[in-house]
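The lines below spell out each chain.
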Amino acid sequence: MKKVLFVCTGNTCRSPMAEGIFNKLATEYGIDAVAESAGLNTKNDLPVSENAVKACAEIGIDIKGHKSKNFDDCNPDDYVTFCTMSFDHAEALIERGIPRNKIEVLCGTDHGVPDPYGFGLGIYRSSRDIIKRSIEKYFSKMRQNIKENEDENSQDE
């Protein structure tokens, strides 16, 4: 099973929402992958933001048990893709030795997914929706690649 790591700053808002959304949609889309998440500048075991929990619960995703994890405590070899919330996060991963071709930036704006930390539920909803749309596009691309590979294999037979 493929593993994807969502990366943001604190691993208490955006990346936990992305992890929950990804895992739910992977099941719905029939994608053989699972997501985890981590923060570049966080302490381990911090609780997820209350508004992130609420925003995800509104779409049937339970992330209330999530605890933060620092990226430096992850084994990069465990993941096929690293999805970041911003281009700055992507650059930080490159500086840590992650190959550029293994990094995807989820984009809602030119600067990635807006950080809702410290804002109200409405901003969390907006970030959640950007994340969800980005993951749906990512899955569509994955499904297309799988289909193309299957078509190539059937032509070779």
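Here, every reference points to the structure presented above.
Residues numbered from 1 in each chain as written. Predicted model: local features only at pLDDT ≥ 70, side-chain atom pairs only at ≥ 80, totals over all residues. Heavy atoms only, no water.

### A short note on the pattern of salt bridges
(1) Moving on: Evaluation of the coordinates by the stated rule reveals 12 salt bridges.
(2) Moving on: Residues Glu36 and Lys3 are paired through a salt bridge, measuring 3.3 Å at the closest nitrogen-oxygen approach. Here Lys3 lies in strand S1 (residues 2-8) and Glu36 lies in strand S2 (residues 33-39), a separation of 33 residues in the sequence.
(3) Moving on: Taking relative accessible area as the criterion, Glu36 reaches 22% and is therefore assigned partly exposed.
(4) Moving on: Residue class for Lys3 comes out partly exposed when judged on its relative accessible area of 22%.
(5) Moving on: Ionic pairing is found between Glu58 and Arg125, a salt bridge with its closest N-O pair at 2.6 Å. Of this pair, Glu58 sits in the loop between helix H2 (50-57) and strand S3 (81-84) while Arg125 sits in helix H4 (residues 121-156), placing them 67 residues apart in sequence.
(6) Moving on: A residue is classified by how much of its surface remains accessible, and Glu58, at 41% relative accessible area, is partly exposed. (Salt bridge = Lys/Arg side-chain N within 4 Å of Asp/Glu carboxyl O. Helix = DSSP H or I, 4+ residues; strand = E, 2+ residues; numbered from the N terminus. Buried < 20%, exposed > 50% of the residue type's maximum accessible area, 1.4 Å probe, protein only.)

### Structural notes on the sheet that holds S1
(1) Moving on: Within the open sheet, the four strands sit side by side as S2-S1-S3-S4. Their pairing is parallel. In this open sheet, the two strands that pair with only one neighbour each are S2 and strand S4 (103-105). Adjacent strand axes in the sheet meet at a mean angle of 25 degrees when their direction is disregarded.
(2) Moving on: Pairing of S3 with S4 involves three bridges; the strand directions are parallel. By the bridge assignment, Thr84 is partnered in S4 with Val105.
(3) Moving on: Each of S1 and S2 is contacted by helix H1 (residues 14-29), which is oriented at about 175 degrees to S2, the strand it contacts most.
(4) Moving on: Running over the sheet, helix H3 (residues 87-95) touches S1, S3 and S4 and is turned about 165 degrees from S4. (Pairing = 2+ DSSP bridges. Axes fitted to C-alpha atoms, helices over the stretch in contact; angles between N-to-C directions. Contact = heavy atoms within 4.5 Å.)

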